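# Analysis of the macromolecular model
The chain contents come next:
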Amino acid sequence: MGGGEGGQEKSFNFFQVLLEGSIAGGTAGVVVETALYPIDTIKTRLQAARGGSRIELKGLYSGLGGNLAGVLPASAIFVGVYEPTKRKLLETLPENLSAVAHFTAGAIGGIAASLIRVPTEVVKQRMQTGQFKSAPNAVRLIVAKEGFKGLYAGYGSFLLRDLPFDAIQFCIYEQLRIGYKLAKRELNDPENALIGAFAGAITGAITTPLDVMKTRLMVQGQGTQYSGIVNCAQTILREEGPKAFLKGIEPRVLWIGIGGSIFFGVLEKTKSMLAERRNREVGALKDE
């Protein structure tokens, strides 16, 4: 993954890595979201419920269509930015700082993707909690009542959760792959998926408190229950106790663990298929 890419082809290689990363990321994101959406819905409803409120188990796919419309470009942007950033940092930094390269690239990819991820998440979570019946209706009413900024409700808490999440998850995943390759060989598809599941589950558990606050801020709409991240944390702690920060941890760890397995498995498979196709095309050109 480090240096060694031809100097005269750097611009082409950068574009190629960005394009292939975007395709692989978009494919992986859509597969994961479709497969695991019901678990995410249950997690959201658990986190949004106050006190001993019971959660509704109907409509577990509510908002999937609109969410996929956001997940596809967001996942494509994330991996499309992550891959070339990671390559450039690995070329620039010493080999013993590869973890820094992966961590930084994950955070940068997360910032780029957040511009689409946040509105998608706001609409999705409000539909999951029964506030709206369709994504277009949700967008129209949120903008009408709260302004365009309503689509970015909880943006600060989203970044507070997702930047460390993206950075930690991709760093753990990449470092485990490096360690495995040093000890054995190139990883096969099931091994990539297993490492992805482990990285996802660990990261999901660590960031659950941040996820709870993000959910509360995003679903409150025009409500003034929480005025910001700090106030949200203080209110939850005062009214519901420290255990409330772990609400939904079981479905979250399950969802992100399985999701990590599928995402990284599909990601690496798609990247390898695109690389094989590119190599075949290059070989065909050389033979002409």
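Residues numbered from 1 in each chain as written. Predicted model: local features only at pLDDT ≥ 70, side-chain atom pairs only at ≥ 80, totals over all residues. Heavy atoms only, no water.

Proteins that are soluble and globular tend to have nonpolar side chains buried together. Ranked by internal contacts, the top residues of the largest apolar core, which has 22 residues, are F78, F170, F263, F264 and L267. When contributions to this core are tallied by element, the ones reaching two or more residues are α1 (10-48), α2 (64-92), α3 (98-128), α5 (155-183), α6 (189-206) and α9 (249-287). In this view, F264 contacts Q169, F170, Y173, N192 and G196; residues no more than four positions away in its chain are not counted. By size, the runner-up hydrophobic cluster in this structure holds twelve residues, among which are V122, F132, I142 and L151. (Core = buried A, V, L, I, M, F, W, Y, C linked by side-chain atoms within 4.5 Å. Buried < 20%, exposed > 50% of the residue type's maximum accessible area, 1.4 Å probe, protein only. Helix = DSSP H or I, 4+ residues; strand = E, 2+ residues; numbered from the N terminus. Contact = heavy atoms within 4.5 Å.)

Quick look at the packing of α3 against α5 now. With their axes 7 Å apart at the nearest point, α3 and α5 run at an angle of 140° to one another. By the angle between their directions, the pair α3 and α5 is classed as oblique. Of the two elements, α3 crosses α5, and the hand of that crossing is right-handed. When its residues are assigned to classes, the contact of α3 with α5 shows 15 nonpolar, six polar and six charged. (Axes fitted to C-alpha atoms, helices over the stretch in contact; angles between N-to-C directions. Parallel < 35°, antiparallel > 145°, perpendicular 65-115°, else oblique. Left-handed = near helix turned anticlockwise from the far one by under 90°. Nonpolar A, V, L, I, M, F, W, Y, C, P; charged D, E, K, R; others polar.)

UniProt annotation of "repeat: Solcar" (unreviewed entry) refers to residues 16-88, 97-179 and 191-273 when read in the numbering used here. Taken end to end, residues 97-179 comprises 82% helix and 0% strand; its first and last C-alpha atoms sit 14 Å apart. (UniProt positions renumbered as here; feature names shortened; annotations may be inferred.)

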